[in-house]
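Report on the structure
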Amino acid sequence: MSCIEQMKYEILLQRISFKEAREYIEKNSDEVYYVSPGYKIFKDYYIIGVPPIAVGAKGNALIFPYTKPCHGSFVLSIENEDSVKEINRLRETEKEMGALSPKKGKPPKRPRTPATSYQDMWKE
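Since the structure is predicted, the reported quantities are computational estimates derived from the model, not experimental observations. (Residues numbered from 1 in each chain as written. Predicted model: local features only at pLDDT ≥ 70, side-chain atom pairs only at ≥ 80, totals over all residues. Heavy atoms only, no water.)

For helix α1 (residues 18–28), every residue scored as buried is listed here: Ala 21, Arg 22, Ile 25 and Glu 26. End-on view of α1: buried residues confined to an arc of 130°, all on one side of the axis. The exposed set on the far side of α1, more than 90 degrees from its buried face, consists of Lys 19 and Lys 27. Where the residues of α1 are buried, they touch β1 (10–16), β2 (31–35), β5 (53–58), β6 (61–68) and β7 (72–79). (Buried < 20%, exposed > 50% of the residue type's maximum accessible area, 1.4 Å probe, protein only. Helix = DSSP H or I, 4+ residues; strand = E, 2+ residues; numbered from the N terminus. Arc of directions from axis to C-beta. Contact = heavy atoms within 4.5 Å.)

So, in structure tokens, the structure goes:
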């Protein structure tokens, strides 16, 4: 595939922020997986955005954010053989990492120790 527009997809939301895309996917998916910017789906397409980037599965449909330069960000849904393979790959990746996929949960929190003052930020 050379372009995602050649695939049969459904636009669920359009011209939205990364945060709105993540929230929509979290609320409207049966399974939610969090990927880093640059994660490759369907072998040819990179997901870009502000982490954590949510990718969802609802039945056999893959729900994911897609950013098109000059047009903004969209939430797309694709349901075909490739989406089933992609969902299975996400599940396998989660198993390998030893983490369970949260179901309609919140993204994993990164442990942070807050600085008590401006000077404390520069001590380390």
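Time to look at helix α2 (residues 81–97). When the terminal C-alpha atoms of α2 are compared, their 25 Å separation across 17 residues agrees well with the 24 Å that a helix rising 1.5 Å per residue should span. For α2, the set of buried residues is Ser 83, Glu 86, Ile 87, Leu 90 and Glu 94. On an axial view of α2, the arc spanned by its buried residues comes to 100°, and they lie on one face. In α2, the exposed positions angled more than 90 degrees off the buried face are occupied by Glu 81, Lys 85, Lys 95 and Glu 96. On the buried face of α2, the contacting elements are β2, β3 (39–41), β5, β6 and β7. In this structure Asn 80 caps α2, since a side-chain oxygen of it lies 2.9 Å from the backbone nitrogen of Asp 82. (Expected span 1.5 Å × (residues − 1). Polar contact = N/O pair within 3.5 Å; in protein donor to acceptor, adjacent residues only side chain to side chain.)

Moving on, we come to the packing of aromatic side chains. Considering all chains together, one arrives at one aromatic pair under this definition. Note on Phe 42 and Phe 64: the rings are 6.1 Å apart at their centroids and 70° apart in plane angle, and the pair reads as edge-to-face. Taken as a pair, Phe 42 in the loop between β3 and β4 (45–47) and Phe 64 in strand β6 lie far apart in primary sequence, 22 residues in all. Accessibility expressed as a relative area gives 1% for Phe 64, which makes it buried. (Phe/Tyr/Trp six-rings, centres within 6.5 Å; stacked < 30°, edge-to-face > 60°.)

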